[in-house]
Amino acid sequence: MTARPAQIVDGSQPREKRGTLDASIPAAATGVVIVDLAQVRDNWRALAKRVAPAGCAAVVKADAYGLGAARVIPALYQAGCRNFFVATFGEAKAALGYAPGATVYVLDGLLPGSVAEMAELGARPVMTSLDEARAWAALAKADAPAPAAALHVDTGLNRLGMSEARLDALIADEALLERLDIALVMSHLACADDAQHPMNREQLETFQRLRAKLPKARASLAASDGLMLGKPYHFDLVRPGYAVYGGQATAQRICPVLPVVRVAARILQVEDVPVGARIGYSATYRATTQRRIATIAAGYADGVFRHASAGDGETGGFVAIRGALAPIVGRVSMDLITVDVTDIGDPAPQRGDMVDLVGPDLPLEAVGKGARSIGYEVLTRLGTRFHRHYIDRDH
Ligand SMILES: *Cc1c(COP(=O)(O)O)cnc(C)c1O
């Protein structure tokens, strides 16, 4: 029997524009991750427009949130993005390969002993300590400061960033300060996904006070959620990641972006199981009526959360089949999930069909919720085993 053509609906488009897309998915591919690069560009442009005259960077750490830095970074560069944030040196190296000449900030800063490597690469460390500042300042020449770098100041997240006391110590050390070119001073918000949270204003005020101590540096505070809090939070540069990838970081204020990713996997088997049948490892699920179970070629190795299974009185995750949701039942295993498709008919799901793990009927946020996690983790956990397909339009 020949496989049915892999026709799937293009979920990256708004509902009314959605057509079927022959994504040229190989017949033997168990699953596919489809990334709409045109929408990535549109999202970034919409964010840039929203925050203008502030600048808009893009956060592309963790392989562009799992979507593939090698494709996403050039697309963003094409859209006009020139400032990128990554977490690690290795990511910075990759990013500069994909966007030569761009400004790349390394959020993890300068690891001890890594000054020469960082300087040679031409990335900007986001420094969080006096040690880093001193190590970087050693690159200064008699007539020129060290290459441009950024400084992360803490305003209440207490995760990464220099305390006010250490910032004051840095500023008091004039010899040190003049050997540095601090191009950007930044901080990060703890609760910006909740617009009403009092910490937003507290951190804003703290940041205004701290950044004023380095008046020549540009300033950056907001990520995807923070930029929706309004102008006062934008400063000179905003740093969205999740929103660029179509995520809605806060339920309260809808960000002007659309989904860019769709994840679908193949049905391997459809079987009716009788009353009393147990499904999956450890027999956590027991059918109380006759059920029809579809086994899907996606497991935790592909990014399906092991917690995304219904059971123990909790609802779990779903897959979407032509607009209907089918619950994941029984344990999620490494390569497989079992879903209850009893109520899905016309035509009944069959072997070889694709079901959505993330798509128009299952946004990232819903998938995150079904796994007792968040859309961010859904993205960054996508496995490498599925076929990757990038779609684009002429631009
Ligand atoms: C990851 C990260 C961002 C981007 O956050 P999003 O919520 O994805 O927009 C911005 N700034 C810092 C410091 C980060 O760690």
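Before any of the text, the structure's been laid out above.
Scoring rules and cut-offs
Residues numbered from 1 in each chain as written. Predicted model: local features only at pLDDT ≥ 70, side-chain atom pairs only at ≥ 80, totals over all residues. Heavy atoms only, no water. Helix = DSSP H or I, 4+ residues; strand = E, 2+ residues; numbered from the N terminus. Rg over C-alpha atoms; globule rule 2.2 N^0.38 Å. Buried < 20%, exposed > 50% of the residue type's maximum accessible area, 1.4 Å probe, protein only. Areas by Shrake-Rupley, 256 points an atom, 1.4 Å probe, with all protein chains shown as cover. Lys, Arg positive; Asp, Glu negative; His and termini not counted. Charge placed at Lys NZ, Arg CZ, Asp CG, Glu CD. Salt bridge = Lys/Arg side-chain N within 4 Å of Asp/Glu carboxyl O. Near = heavy atom within 4 Å. Polar contact = N/O pair within 3.5 Å; in protein donor to acceptor, adjacent residues only side chain to side chain. 1 Å grid on protein atoms, 1.4 Å probe; cavity = no way out; pocket = protein on both sides within 12 Å on 5 of 7 lines; lining within 4 Å. Sits in = over half its atoms within 2 Å of the grid points. Phe/Tyr/Trp six-rings, centres within 6.5 Å; stacked < 30°, edge-to-face > 60°. Points joined across faces, edges and corners; volume = space filled by probe spheres on them. Nonpolar A, V, L, I, M, F, W, Y, C, P; charged D, E, K, R; others polar. Domains from an automatic or database assignment. Arc of directions from axis to C-beta. Contact = heavy atoms within 4.5 Å. Core = buried A, V, L, I, M, F, W, Y, C linked by side-chain atoms within 4.5 Å. Axes fitted to C-alpha atoms, helices over the stretch in contact; angles between N-to-C directions. Parallel < 35°, antiparallel > 145°, perpendicular 65-115°, else oblique. Left-handed = near helix turned anticlockwise from the far one by under 90°.

1. Describing the overall build of the protein
Step number 1: When you go through the protein residue by residue, the secondary structure sums to eleven helices and 21 strands.
Step number 2: For a compact globule of 395 residues, the expected C-alpha radius of gyration is about 21 Å, and the protein comes in at 24 Å, within 12% of that figure.
Step number 3: In terms of overall dimensions, the protein has a C-alpha envelope of 80 × 45 × 40 Å along the principal axes.
Step number 4: Per-residue burial over the protein gives 53% buried out of 395 residues.
Step number 5: Just so you have it, the protein exposes about 17,900 Å², and 51% of that area is on carbon and sulfur atoms.
Step number 6: Distance between charge centroids for the protein: 2 Å, based on 43 positive and 42 negative side chains.

2. Notes on the pattern of salt bridges
Step number 1: Taken as a whole and judged by the stated rule, the model has 15 salt bridges.
Step number 2: The residue Arg 385 makes a salt bridge to Asp 335 at a minimum N-O spacing of 3.0 Å. A residue pair is termed long-range when its members are at least 10 positions apart, and Arg 385 in the loop between helix 11 (375-380) and strand 21 (387-391) and Asp 335 in the loop between strand 18 (324-329) and strand 19 (337-340) qualify at 50 residues.
Step number 3: Note on Arg 385: relative accessible area 43%, which makes it partly exposed.
Step number 4: For the salt bridge of Glu 377 with Arg 381, the shortest nitrogen-to-oxygen distance reads 2.8 Å.
Step number 5: According to the relative accessible area criterion, Glu 377 is partly exposed, its value standing at 27%.

3. Quick word on the site of the ligand
Step number 1: Around the ligand, the surrounding shell holds 14 residues, and the nearest of these are Lys 61, Tyr 65, Ser 224, Gly 241 and Tyr 376.
Step number 2: Between the ligand and Tyr 65, the relevant distance is 2.5 Å, taken from an oxygen atom to a side-chain nitrogen or oxygen of the residue.
Step number 3: A distance of 3.5 Å separates a nitrogen atom of the ligand from a polar side-chain atom of His 188.
Step number 4: For the ligand, whose free accessible area comes to 390 Å², the fraction covered by protein is 91%.
Step number 5: Judged by the proximity of its atoms to the pocket grid, the ligand belongs to the largest pocket.

4. Overview of the packing of aromatic side chains
Step number 1: In the structure shown here, the tally under the stated rule is five aromatic pairs.
Step number 2: On the basis of an interplanar angle of 35° and a centroid distance of 4.8 Å, the ring pair of Tyr 65 and Tyr 245 is categorised as tilted. Here Tyr 245 lies in the loop between strand 12 (237-238) and strand 13 (261-273) and Tyr 65 lies in helix 2 (residues 61-65), a separation of 180 residues in the sequence.
Step number 3: A relative accessible area of 7% means that Tyr 65 is categorised as buried.
Step number 4: With a relative accessible area of 0%, Tyr 245 lands in the buried category.
Step number 5: Centre to centre, the rings of Phe 207 and Phe 235 are 4.9 Å apart; their planes meet at 85°, and the pair counts as edge-to-face. With Phe 207 in helix 9 (residues 198-211) and Phe 235 in the loop between strand 11 (218-220) and strand 12, this residue pair connects regions lying 28 residues apart in the sequence.
Step number 6: Assessed through its relative accessible area of 0%, Phe 207 is described here as buried.
Step number 7: Take Phe 235: its relative accessible area is 18%, and that puts it in the buried class.
Step number 8: Among the aromatic residues, those joined into a ring-pair cluster are Tyr 65, Tyr 242, Tyr 245 and Tyr 376.

5. Notes on the layout of surface pockets
Step number 1: Reported here for the largest pocket is a volume of approximately 930 Å³.
Step number 2: Every residue lining the largest pocket is counted, 39 residues in all, and those nearest its centre are Tyr 65, His 188, Asp 225, Ile 374 and Tyr 376.
Step number 3: Of all the elements, helix 11 adds the most residues to the lining of the largest pocket, at four residues.
Step number 4: Split into classes, the residues belonging to the lining of the largest pocket amount to 19 nonpolar, eleven polar and nine charged.
Step number 5: Both domain 1 (8-35 + 259-391) and domain 2 (37-245) contribute no fewer than three residues apiece to the lining of the largest pocket.

6. What about helix 6 (residues 130-137)?
Step number 1: Along helix 6, the residues that are buried comprise Leu 130, Glu 132, Ala 133, Trp 136 and Ala 137. Here the buried residues of helix 6 occupy an arc of 160° about the axis, which is enough to place them on one side.
Step number 2: Buried residues along helix 6 sit in contact with helix 5 (115-121), strand 8 (124-127), strand 9 (148-152), helix 7 (164-172) and helix 8 (174-178).

7. Considerations on the nonpolar core
One broad trend across soluble globular proteins is that nonpolar side chains are buried collectively.
Step number 1: Core analysis: the largest hydrophobic core is formed by 118 residues, its most contacted members being Leu 76, Phe 84, Tyr 245 and Val 261.
Step number 2: Residues lining this core come from more than one domain, with at least three contributed by each of domain 1 (8-35 + 259-391) and domain 2 (37-245).
Step number 3: Excluding residues that lie within four positions of it along the chain, Val 261 makes contacts with Val 33, Ile 34, Val 35, Leu 67, Val 358, Leu 364 and Leu 379.

8. Here's the deal with the environment of Leu 167
Step number 1: Locating Leu 167 in the fold gives a position in helix 7.
Step number 2: Exposure remark for Leu 167: the relative accessible area of 0% places this residue in the buried category.
Step number 3: Between the C-alpha atom of Leu 167 and that of Ile 328, which follows or precedes it by 161 residues, the distance is 51 Å.
Step number 4: Residue contacts for Leu 167: discarding those within four places in its chain leaves Leu 151, Val 153, Met 162, Leu 210, Lys 213 and Leu 214.

9. Examining the packing of helix 1 (residues 37-51) against helix 3 (residues 69-79)
Angle between the axes and distance between the axes: these two values describe a pair of packed helices.
Step number 1: Two elements in contact, helix 1 and helix 3, have axes separated by 9 Å at closest approach and are oriented at 50°. One element, helix 1, and the other, helix 3, form an angle in the oblique class. Crossing angle aside, the handedness with which helix 1 passes helix 3 is right-handed. Residue-level contacts link Leu 37, Val 40, Arg 41, Trp 44 and Arg 45 of helix 1 to Arg 71, Val 72, Ala 75, Leu 76, Gln 78 and Ala 79 of helix 3.
Step number 2: Its residues assigned to classes, the contact of helix 1 with helix 3 comprises seven nonpolar, one polar and three charged.

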